[in-house]
Amino acid sequence: FAVLVMGLVWTFSSLSAPTHDSLIVSRAAYKASLGDYSDIDSDYFKRFPFQLGYVFFSEIIIRLFNTGDNYLVIEVINVICLAVSYLAVLMSVRIMFRSEKTVKICALLMVFCFPAILFCTFTYGNIPGLMFASLAVWQYLGVKGKSLKSDILHGVLCALFIGISVSIKKNYMIVMAAILIIAVVRAIERKRFLHLACALLCVISVWGCSAAVVRLYEGRAGCEFGDGIPMISWLAMGLNESEIAPGWYNGKYTVTNFHENGMDTELAAEDSVKEIKERIEFFREDKTYAGDFFGEKIISQWNEPTYQSIWTNQVRGRYGDMGKIASWVCGDGEAKVKGFMDLYMQFVYAMTACAALLIIKKRDIVSALFGVVIIGGFLYHTLFEAKSQYAISYFILMIPLAAYALDYACGKADGLFKAVKEAWNAKKIKNKARG
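Now for a quick tour of the structure. (Residues numbered from 1 in each chain as written. Predicted model: local features only at pLDDT ≥ 70, side-chain atom pairs only at ≥ 80, totals over all residues. Heavy atoms only, no water.)

**Side note on the pattern of salt bridges**
Proximity of charged atoms lets side chains of opposite charge pair with each other. What the rule picks out here adds up to nine salt bridges. Residue glutamate 218 pairs with arginine 215 through a salt bridge whose shortest N-O separation is 3.4 Å. A residue pair is termed a helical-turn pair when its members lie 3 or 4 positions apart in one helix, as glutamate 218 and arginine 215 do in helix H11 (residues 194-221) at three residues. A relative accessible area of 15% means that glutamate 218 is categorised as buried. (Salt bridge = Lys/Arg side-chain N within 4 Å of Asp/Glu carboxyl O. Helix = DSSP H or I, 4+ residues; strand = E, 2+ residues; numbered from the N terminus. Buried < 20%, exposed > 50% of the residue type's maximum accessible area, 1.4 Å probe, protein only.)

Right, here's the structure in full:
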């Protein structure tokens, strides 16, 4: 509830309007709601057909609320999606760690995750995708092998949610991969192949949901999108320099390469493979440069405490003048807000590292699910396109691990305090008996 209130206050204080890619997809959704597919039948979606999932999500909202070309309601939906994400994560924490205290600590820590709240004004697939991914994890954890009917329901919902999540934002393939890994391990450990069936359903759902959205808009717009820019091109980009930081966006290796190859996916992929081989060879020849390249790339993503959440509100358009809160955060108070976010980030990172050691010692694969997602995200963005705003989804999933470690530390401290107190009382009694 607190996150919901803070998110709404921030949204109406910022009054941020979409620009660049977020405006392109939002405007395409608005026009599609009117039966105008001129934006859909454009080079943008032939380059990035995976964006159509978020277009469809936005179009549904625009139709439901009759918003016109004002997308503020989508930002409000982002706030609701974030709150639901947190709820799903808390339900998952209850199953993973079986501790109400951990759940309460996690809820408290989430309230202070200000980057996520500030990021709600960004009309893109990140937060809605996170909501459906979090719901998928919660439902998967409900597959416990105690009731076949219940397991089937949870498995089907898990597959449905992860399919929607990936169709909205492709990055959540990493969450699906984590679910598949955990499902395979659980199936082997418990010899219950229902987990494998759930994994298979997830794969079918991800493929089906993404393909269905593309076919829907192809039919409505009367065009074909093709496969778009090949995924390998993002790897080529991730291994090269950019004007921002190593591995960040550089259209030369994606959009330019795609158009130079006549928008032929296969030819573009061949050129990207050549580029990747050249970069790998260059890294081998100059290992110092390679270390500096990946070091700076990792730091630029993971040691940026705002995850671009303040910047997002500073550089985008406006529906009106900023309110006092947003004006202060994006102006005079920026340094103080960043300072708090930095302390919060470092604390969560430290506690997450401690939690990793505890989970390894515990040897419970279910408790490792969020950790697998985080490792997958880290590895993916170390190689592919870098951007600190991508890291915010994984940072949110670190909070439950930080809560688990903090709960453990508090328990140990409480036990130590009681032991010291008992020893002191025993000593007092012994001294009194001697006297």
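**Structural notes on the packing of aromatic side chains**
All told, the structure shown has 28 aromatic pairs when counted by the stated rule. Between the aromatic rings of phenylalanine 283 and phenylalanine 294, the centroid separation amounts to 5.2 Å while the plane-to-plane angle is 55°, which identifies the pairing as tilted. Here phenylalanine 283 is found in helix H14 (residues 265-285), whereas its partner phenylalanine 294 is found in helix H15 (residues 287-302), with 11 residues between them in sequence. Note on phenylalanine 283: relative accessible area 9%, which makes it buried. (Phe/Tyr/Trp six-rings, centres within 6.5 Å; stacked < 30°, edge-to-face > 60°.)

**Considerations on a negative patch on the surface**
Together, Asp227, Glu260, Asp264, Glu266, Glu270 and Asp271 line one region of the surface with negative charge. Ranked by residue count, the leading element in the negative patch is H14, at three residues. (Patch = residues over 30% accessible without salt bridge, like charges linked within 9 Å, V, L, I, M, F, W, Y side chains within 5 Å. Areas by Shrake-Rupley, 256 points an atom, 1.4 Å probe, with all protein chains shown as cover. Lys, Arg positive; Asp, Glu negative; His and termini not counted. Charge placed at Lys NZ, Arg CZ, Asp CG, Glu CD.)

**Things to note about the nonpolar core**
Grouped together as the largest cluster of nonpolar side chains are 128 residues, with contacts concentrated most on Ile40, Phe45, Leu82, Tyr140, Cys202, Leu369 and Phe395. Looking at this core element by element, the count peaks at 13 residues for helix H20 (residues 388-434). Apart from the residues within four sequence positions on either side, isoleucine 40 is in contact with Ala28, Phe45, Leu52, Val55, Tyr217, Ala221 and Phe225. (Core = buried A, V, L, I, M, F, W, Y, C linked by side-chain atoms within 4.5 Å. Contact = heavy atoms within 4.5 Å.)

**Overview of the packing of helix H9 (residues 148-168) against H11**
Put simply, H9 and H11 touch, their axes get as near as 8 Å, and they point 30° apart. In this structure, H9 meets H11 at a crossing whose hand is right-handed. Counting all contacts with H9, which are made through Asp151, Gly155, Val156, Cys158, Ala159, Leu160, Ile162, Gly163, Ile164, Val166 and Ser167, the residues of H11 involved are Leu194, Cys198, Leu201, Cys202, Ser205, Val206, Cys209 and Ser210. Its residues placed into classes, the contact of H9 with H11 shows 13 nonpolar, five polar and one charged. (Axes fitted to C-alpha atoms, helices over the stretch in contact; angles between N-to-C directions. Left-handed = near helix turned anticlockwise from the far one by under 90°. Nonpolar A, V, L, I, M, F, W, Y, C, P; charged D, E, K, R; others polar.)

**Notes on the state of the cysteines**
Using the criterion set out here, one finds zero disulfides in the structure. No disulfide involves cysteine 113; its sulfur sits 10 Å from the nearest other cysteine sulfur, which is in cysteine 120. (Disulfide = S-S within 2.5 Å.)

**Examining helix H10 (residues 173-190)**
Spanning 18 residues, H10 covers 25 Å between terminal C-alpha atoms, matching the ideal 26 Å at 1.5 Å per step. A positive backbone phi angle near 55° is found at lysine 191, which sits one or two residues after H10. (Expected span 1.5 Å × (residues − 1).)

**With respect to helix H2 (residues 20-33)**
For H2, built from 14 residues, the straight-helix expectation of 20 Å at 1.5 Å per residue is met to within 8% by its first-to-last C-alpha distance of 20 Å. The complete set of buried residues in H2 reads Ser22, Val25, Ser26, Ala28, Ala29, Ala32 and Ser33. Buried positions in H2, seen along its axis, are confined to an arc of 155° and lie on one side of it. Residues of H2 that are buried in the fold lie against helix H3 (43-47), helix H4 (52-65) and H11. (Arc of directions from axis to C-beta.)

**Notes on the packing of helix H5 (residues 72-97) against helix H8 (residues 126-141)**
At a minimum axis separation of 8 Å, H5 and H8 run at an interaxial angle of 25°. Taken as axis vectors, H5 and H8 run roughly parallel relative to one another. As H5 runs across H8, the sense of the crossing is left-handed. Contacts between H5 and H8 involve Asn78, Cys81, Leu82, Val84, Ser85, Ala88, Val89, Met91, Ser92, Ile95 and Met96 on the former and, on the latter, Ile127, Pro128, Leu130, Met131, Ser134, Leu135, Val137, Trp138 and Leu141. Classifying every residue of the contact of H5 with H8 gives 16 nonpolar, four polar and no charged. (Parallel < 35°, antiparallel > 145°, perpendicular 65-115°, else oblique.)

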